[in-house]
Amino acid sequence: QEKVFVVSPKHSAPVTKVVFDPSGNFLATACEDTTKVWEFKDGELALFLAIPAQSKSKPGDRILALAFDAESKFLYTVTATGEARKEGLRFEELIA
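Heads up: these notes are all about the structure in this document.

## A word on unusual backbone geometry
Here is step 1 of the chain: Here the phi dihedral of serine 72 falls at roughly 60 degrees; this positive angle occurs in a residue that is not glycine.
Here is step 2 of the chain: Following the sequence through the fold, serine 72 ends up in the loop between strand 5 (63–68) and strand 6 (74–79).
Here is step 3 of the chain: Classification of serine 72 as buried rests on a relative accessible area of 10%.

## Here's the deal with the pattern of salt bridges
It is possible for side chains bearing opposite charge to pair when their charged atoms get close.
Here is step 1 of the chain: Inspection of every chain in the model, using the stated rule, returns two salt bridges.
Here is step 2 of the chain: Measuring nitrogen to oxygen at the nearest pair gives 3.6 Å for the salt bridge that ties lysine 73 to glutamate 71.
Here is step 3 of the chain: Its relative accessible area of 57% is what places glutamate 71 among the exposed residues.
Here is step 4 of the chain: Between glutamate 87 and arginine 85 there is a salt bridge, with the nearest N and O atoms lying 2.7 Å from each other.

## Focus: the nonpolar core
Here is step 1 of the chain: Phe26, Ala28, Ala30, Val37, Leu49, Ile63, Leu66, Phe68, Leu75 and Leu89 form the largest nonpolar core, which has ten residues in total.
Here is step 2 of the chain: Every element with two or more residues in this core is listed here: strand 2 (26–30) and strand 5.

## Considerations on the sheet that holds strand 1 (residues 17–20)
Here is step 1 of the chain: Taken together, the four strands give an open sheet; going across it, the order is 1-2-3-4, and neighbouring strands pair in antiparallel fashion. Each having just a single partner strand, strand 1 and strand 4 (45–50) make up the two edges of the open sheet. The mean angle between the axes of side-by-side strands here comes to 15 degrees, regardless of whether they run parallel or antiparallel.
Here is step 2 of the chain: Here strand 2 pairs with strand 3 (residues 34–39) via five bridges, running antiparallel. The partner of phenylalanine 26 across the bridge, within strand 3, is glutamate 39.

The rules behind each value
- Residues numbered from 1 in each chain as written.
- Predicted model: local features only at pLDDT ≥ 70, side-chain atom pairs only at ≥ 80, totals over all residues.
- Heavy atoms only, no water.
- Helix = DSSP H or I, 4+ residues; strand = E, 2+ residues; numbered from the N terminus.
- Buried < 20%, exposed > 50% of the residue type's maximum accessible area, 1.4 Å probe, protein only.
- Salt bridge = Lys/Arg side-chain N within 4 Å of Asp/Glu carboxyl O.
- Core = buried A, V, L, I, M, F, W, Y, C linked by side-chain atoms within 4.5 Å.
- Pairing = 2+ DSSP bridges.
- Axes fitted to C-alpha atoms, helices over the stretch in contact; angles between N-to-C directions.

Printed below as a string of structure tokens:
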């Protein structure tokens, strides 16, 4: 059975990027200034990340790319102004 996952109403702006973690258990979505990670099995929010306030003041800044590392321990984001972030993830605690 096909699974439908609706995330747009849960973001403050249209979702522009979507990526699954390598295990397929989590889905990361990004809009202009936020990234959210969802548990795919039930659609629950697992992590919320925002562009820091000092970065929001930069004209045109928005999230351009996001990716998980091969072991799903980190989520990387890159903004239009070139700011790269690496966020440590503790998904093993969420799955247990």
